[in-house]
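# Fold and contact review
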Amino acid sequence: MEKVLTSLWGVENSHKLDVYKSHGGYEMAKQVLSDWDSPKLIEHVKATGLRGRGGAGFPTGLKWSFVPIDSEKPKYLCVNADESEPGTAKDRYVLERTPHLLIEGVLIAAKALKCHHAFIYCRGEFYDQLAIVRAAVEEAKAAGIVGKNALGTGYDIQVTVHSGFGAYICGEETGLIESLEGKKGQPRIKPPFPAVHGLYGCPTVVNNVETIAALPWLIKNGPEAYKKMGTEKSPGSKLMSISGHVERPGTYEIELGMPLKDFINETAGGIWKGRKLKACIPGGSSVPVLTAEEVEKVNLDYESCAANGTMLGSGGCIVMDETVDMVHMLRVLGHFYSHESCGQCTPCRRGTSWAHRTLCRIDDGEGKPEDVETLLHIANNMTGRTICPLADALAMPIKSFLTKFREEFDYKARTGKSLVQPGKAA
Amino acid sequence: MPKITIDGTEFEAKDGATVIQTCADNGIDIGHYCWHPGLSPEGNCRMCLVEVEKAPKLMPSCMTTVGDGMVVKTQHTSEKVREAQRDVMEFLLVDHPIDCPICDQAGECKLQDYYMQYDRQPSQVPLDSKVHKPKRQKFSEQVTYDAERCILCTRCVRFCREIEGKEELGMINRGAVSLISLYNDEAKLSGDYQVNIVDICPVGALTHSDFRFKKRVWFMDYTPSICAGCSRGCNVTVGSHNAKVYRYKPRENQDVNQWWMCDEGRLTYKQVHAEGRLLKPRLRSGGDNSEYTDWRRVLDRSADVIKLLEKKEGPQAIAAIGSPLASTEENYLLKKLFAARFPGAKVAFPAADLYKEGGPDKLLKTGDKAPNARAGAALGLTDTIESVIEGIEAGTIKALYMLGDDLAATGPLAERFAKAAEKLSWLMVQSPYYHATAQRAHAVLAATHHLESQGTFINFEGRVQRFAPAIKPQVEARTGVQILQDMAAALGADIPGGEGAQVFDALAAEEKQFSGLSWNALGDQGAKLGQ
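The following refers to the structure shown.

## With respect to the pattern of salt bridges
Where charged atoms from two side chains of opposite charge come close, those side chains can pair. Residues and elements named next belong to chain A. Counted according to the given criterion, the structure contains 57 salt bridges over all chains. A salt bridge links K90 to E210; the nearest nitrogen and oxygen atoms lie 3.0 Å apart. Of this pair, K90 sits in the loop between β1 (76–81) and α5 (91–97) while E210 sits in helix α9 (residues 209–213), and the two are 120 residues apart along the sequence. Its relative accessible area of 1% is what places K90 among the buried residues. You can call E210 buried: its relative accessible area is 1%.

## Re the sheet that holds strand β7 (residues 143–145) of chain B
All names here are of chain B. Strand order in the open sheet formed by three strands is β6-β7-β10, with antiparallel pairing between adjacent strands. For this open sheet the edge positions go to β6 (137–138) and β10 (206–208), each flanked by a neighbour on one side alone. As defined by bridge partners, β7 adjoins β10 across three bridges and the pair is classed as antiparallel. Among the inter-strand pairings, Y145 is bridged to a residue of β10, identified as L206.

## Notes on the sheet that holds strand β14 (residues 282–284) of chain B
Residue and element names in this part refer to chain B. Strands sit in the order β15-β14-β20-β19-β18-β16-β17 across an open sheet of seven strands; the sheet is mixed. Of all strands in the sheet, those bounded by a partner on one side alone are β15 (290–292) and β17 (347–348). Here strand β16 (residues 318–321) pairs with β17 via two bridges, running parallel. Within the sheet, the bridge partner assigned to A320 lies in β17 and is V347. Sheet contacts for helix α7 (residues 295–313): β14, β16, β18 (399–403), β19 (426–431) and β20 (443–446); angle to β19, the most-contacted strand, approximately 140°. Running at roughly 160° to β18, helix α8 (residues 328–341) makes contact with β16, β17, β18 and β19 of the sheet.

## Focus on the environment of V332 of chain A
Examined against the element boundaries, V332 of chain A turns out to sit in helix α14 (residues 326–340). The sequence separation of V332 of chain A and S7 of chain A amounts to 325 residues, and the corresponding C-alpha distance is 35 Å.

## Overview of the packing of helix α10 (residues 385–394) of chain B against helix α11 (residues 414–421) of chain B
Residues and elements named next belong to chain B. The N-to-C vectors of α10 and α11 enclose an angle of 35°; their axes lie 9 Å apart at closest approach. Two packed elements cross with a definite hand, and for α10 against α11 that hand is left-handed. Together, I389, E390, I392 and E393 of α10 and R416, F417 and A420 of α11 make up the contact between the two elements. Of the residues assigned to the contact of α10 with α11, the class counts are four nonpolar, no polar and three charged.

## Looking at the side chain of T174 of chain A
All names here are of chain A. Looking at where T174 falls in the secondary structure, it is placed in helix α8 (residues 173–180). The class for T174 is buried, based on a relative accessible area of 2%. Of the polar contacts made by the side chain of T174, one reaches the backbone nitrogen of R188; its length is 2.9 Å.

## Examining helix α3 (residues 110–119) of chain B
Residues and elements named next belong to chain B. For α3, the set of buried residues is L111, Y114, Y118 and D119. Mapping the buried residues of α3 onto a view down its axis gives an arc of 80°, with all of them on the same face. For α3, the elements touching its buried residues are α2 (79–94). R120 occupies a position one or two residues after α3 and carries a positive phi of about 55°.

## Things to note about the environment of C150 of chain B
Summarising the element assignment, C150 of chain B is placed in the loop between β7 and α4 (155–163). Between the C-alpha atoms of C150 of chain B and I180 of chain B, which are 30 residues apart in sequence, the distance is 8.1 Å. Setting aside residues up to four positions removed in sequence, C150 of chain B forms contacts with R350 of chain A together with Y145, I180, V203 and A205 of chain B.

## Notes on the nonpolar core
Core analysis: the largest hydrophobic core is formed by 81 residues, its most contacted members being F338, L400, Y401 and F514 of chain B. If we ignore the near neighbours within four places in the chain, the residues touching F338 of chain B are I318, A319, A320, P343, A345, K346, V347 and Y401 of chain B. Ranked by size, the runner-up nonpolar core spans 65 residues in total, among them I42, L95, V161 and V205 of chain A.

## Remarks on the state of the cysteines
Residues and elements named next belong to chain A. According to the stated counting rule, one finds zero disulfides over all chains in the structure shown. This cysteine, C78, is not joined by any disulfide, and C115 carries the nearest cysteine sulfur, 8.4 Å off. Cysteine C388 shares no disulfide, and the gap to the nearest cysteine sulfur, in C348, comes to 6.3 Å.

## Section: the packing of aromatic side chains
All names here are of chain A. Following the criterion strictly, the structure yields 23 aromatic pairs over all chains and no others. Relative to Y26, the ring of Y20 has its centre 5.3 Å away and its plane inclined at 80°; by these criteria the two rings are edge-to-face. Following the ring pairs from residue to residue traces out a cluster consisting of Y76, F119 and Y200. Above the face of the W272 ring, K273 is positioned so that its terminal group lies 4.1 Å from the ring centre.

## Topic: the interface of chain B and chain A
Each side of the interface is counted separately: chain B has 35 residues, and chain A has 31 residues. Carbon and sulfur atoms make up 52% of the surface buried where chain B meets chain A, a total of about 2700 Å² over both sides. Area buried by chain B at its contact with chain A is led by R46, F91 and R174 of chain B, which between them contribute 28% of it. Applying the counting criterion to the chain B and chain A interface returns four salt bridges. The partner of D95 of chain B in a salt bridge is R357 of chain A, and the shortest N-O contact between them spans 2.9 Å. At the level of elements, α2 and β8 (169–172) of chain B are the ones that each hand at least two residues to the side of chain B that touches chain A. Ranked by residues supplied to the side of chain B that touches chain A, first place goes to α2 of chain B with eight residues. Across the side of chain B that touches chain A, the residue classes break down as 18 nonpolar, seven polar and 10 charged.

How each quantity is defined
- Residues numbered from 1 in each chain as written.
- Chains lettered and ligands numbered in written order.
- Predicted model: local features only at pLDDT ≥ 70, side-chain atom pairs only at ≥ 80, totals over all residues.
- Heavy atoms only, no water.
- Salt bridge = Lys/Arg side-chain N within 4 Å of Asp/Glu carboxyl O.
- Helix = DSSP H or I, 4+ residues; strand = E, 2+ residues; numbered from the N terminus.
- Buried < 20%, exposed > 50% of the residue type's maximum accessible area, 1.4 Å probe, protein only.
- Pairing = 2+ DSSP bridges.
- Contact = heavy atoms within 4.5 Å.
- Axes fitted to C-alpha atoms, helices over the stretch in contact; angles between N-to-C directions.
- Left-handed = near helix turned anticlockwise from the far one by under 90°.
- Nonpolar A, V, L, I, M, F, W, Y, C, P; charged D, E, K, R; others polar.
- Polar contact = N/O pair within 3.5 Å; in protein donor to acceptor, adjacent residues only side chain to side chain.
- Arc of directions from axis to C-beta.
- Core = buried A, V, L, I, M, F, W, Y, C linked by side-chain atoms within 4.5 Å.
- Disulfide = S-S within 2.5 Å.
- Phe/Tyr/Trp six-rings, centres within 6.5 Å; stacked < 30°, edge-to-face > 60°.
- Lys NZ or Arg CZ within 6 Å of the ring centre and 35° of its normal.
- Buried area = accessible area lost by both parts, 1.4 Å probe.

Shown next as structure tokens:
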């Protein structure tokens, strides 16, 4: 498989401008900025079938086409580098290893959107990555790649790197925009959509790091080459992070459509310590969990995941072996989402916290048998009733954990004891 | 005008109106907390969800703009909506302290109302596992915040930002520990309209120091009235119980005060129970001091003296001064009494600037502290105070009948008036207060506060607005209308009888500027004077 995003991984000083340039860096940007116009670029990206890599998988070219390109208002591009989904660690490597690949992507996307000011919104906890990206932008500025008359093409493009302050919700595109405007990061009600009314009330596109970083390759190799990889509806490659009980956890670029079992067993070296697979969350902690049997059937593309009742999401694959206590696992997720709820909508503010407390009670052996039903009740009642999907992001794991591992919850709620012994294989 | 079908009935909506506004305009009630017609919508409480045909999920009706042909189902026809609202109620009450027995909002709390309407489930959360948050935080001397009762609807935040134009409140923290806060520890609310956030708080999170722990709201009677704090005439609802007034709350009137009122005006109800209130008539009994007396004596004695003076000096020796603090009806009866009984006598009205205090602010305060400043002009009382003072100084005016004002202590003419008053053979002051001018009077007629009587005020824009008695006249005070009618009887003059309402109808039939108006037609929102 051709490497779209990771060809420079492993190359020494791949984050430096000269190294990047010596591998053909910024040639595509230069070509695009001087010769391509916006409609051609949008059509090109549409033709590649590239889908947003932030989690929703929305077609990127289509998203761009919603922007009133000829509006008199300034158009903004925001690169979403607020990667916070538990289990996901892909954007951080793009930022660390090939920040110039991202910047080149920014130049290309900016041209497509007639945008002259792009923002890279970096997760607050990405302390080192922020420094690397900032340095890369400075390097690019000094080399005349970013700024007025970028690459000598006459196109002006300013790039601002902005640090978040450690809030998961600022990875939601309207929450990101609010935060970038200097407000408390709380998602906005859509419509209006950012494409029309986004940052400072202007047309705005928010794209994930991985999506933007794929653009230089797409320009160079064209839609056909990209579509040769992956499946019909999920073309191309994807960065997948794999963590948990596997021999070789890490971040890998895979061809979409790869069987999940191959990804776990071959790419990641299989379950550690010779144990058995119990469960797997394929796309970041907010997507429904899969049992070991289901893992056998699922391929890593948007359609196959959906057909099996889960989602590819942001590609944060979490693998659990047979010693994992699912009650405790869900408690950890509950803690995350109740901590990260912005507090704006009633069902999420109260529901995530109530669910977490209920989970703590069961996990601490102080639960009551009816607590399990209460959990389901909470999850059902907060699904689809809020401004953004954060409530759903906890509701989905709760519902899937309770559907697929119900006996563990019932047992612990009833007896106060776990059905599995953590750390000990059956 | 887009057409929308709500619960099977078609309505015409205003262009760009939201679904909840359209429902409200057509009398369809949708449960809501964060939406307020006077503030921008926020869509955070999730109580006003409705089913919109073709929409994938329930939509917040406060954030959904009506489109032509839209088909909406509210809680009245949709089980899905009722379920969602029941769930929102459950979520809101998860961490609520349920301290209704000691909460001032109890009885007018949206959480209680909607619990009865939508929820009615027992709590699934034990009290000891609730999230605790700060209690009794002083946002200012007037406003106290209880974060545990707060449902974070952010109406208060939006009021400060959008109506007062002050960035003073915000939501801090995240998730279940979110709360409303001032931006730093030393800060206090600084606006002149801050207590409105207590009114619009749908729950008991914000309370007003003046009303806290004073009276359970279900014991009170509620009377529509007018704030007499300035010439705006903000519409209010008076809360009272057992002859005591406890509070004003603003009452919606889009032409006057919208939904709001100022903090200063809000406390003017206290004047009805103020220390200087005059609750019995007084009569000077020789020397400089007056003593309490009964109505028969004070009326008879005044009538005797005035008749004697009239006989000796002619009708023009008797003068009158109306008041912008008194009702239109009192000023009118004073005019009628003098026209009937003392032809050619002066009936003056204080100049418009008598109660000017600072300029108008950008919201409601007019800077004119008199509630009825327009009454003189509307009734054609054109004689000036100066001309009356000159008459007294020249010795042509011997007796004076005054309504309300403390002219011996107010305004640029105070000193001159006080001095002139010494020369009067008979000074009658009809006032709710025993003020400096009343203390100089030979007869002091204990009149009611406007909260104890019926009548109208004309605001600075010429809007005639009714007020009704919230409490009965205290002790022996009588309404100004009645005192004037009693006085007329004692003097043998024929003036319109009845209470404020009847007097107003008589006035409207006679006075040109009031033509077309009637007590009933004024309604709760008032009406403008004819030009």
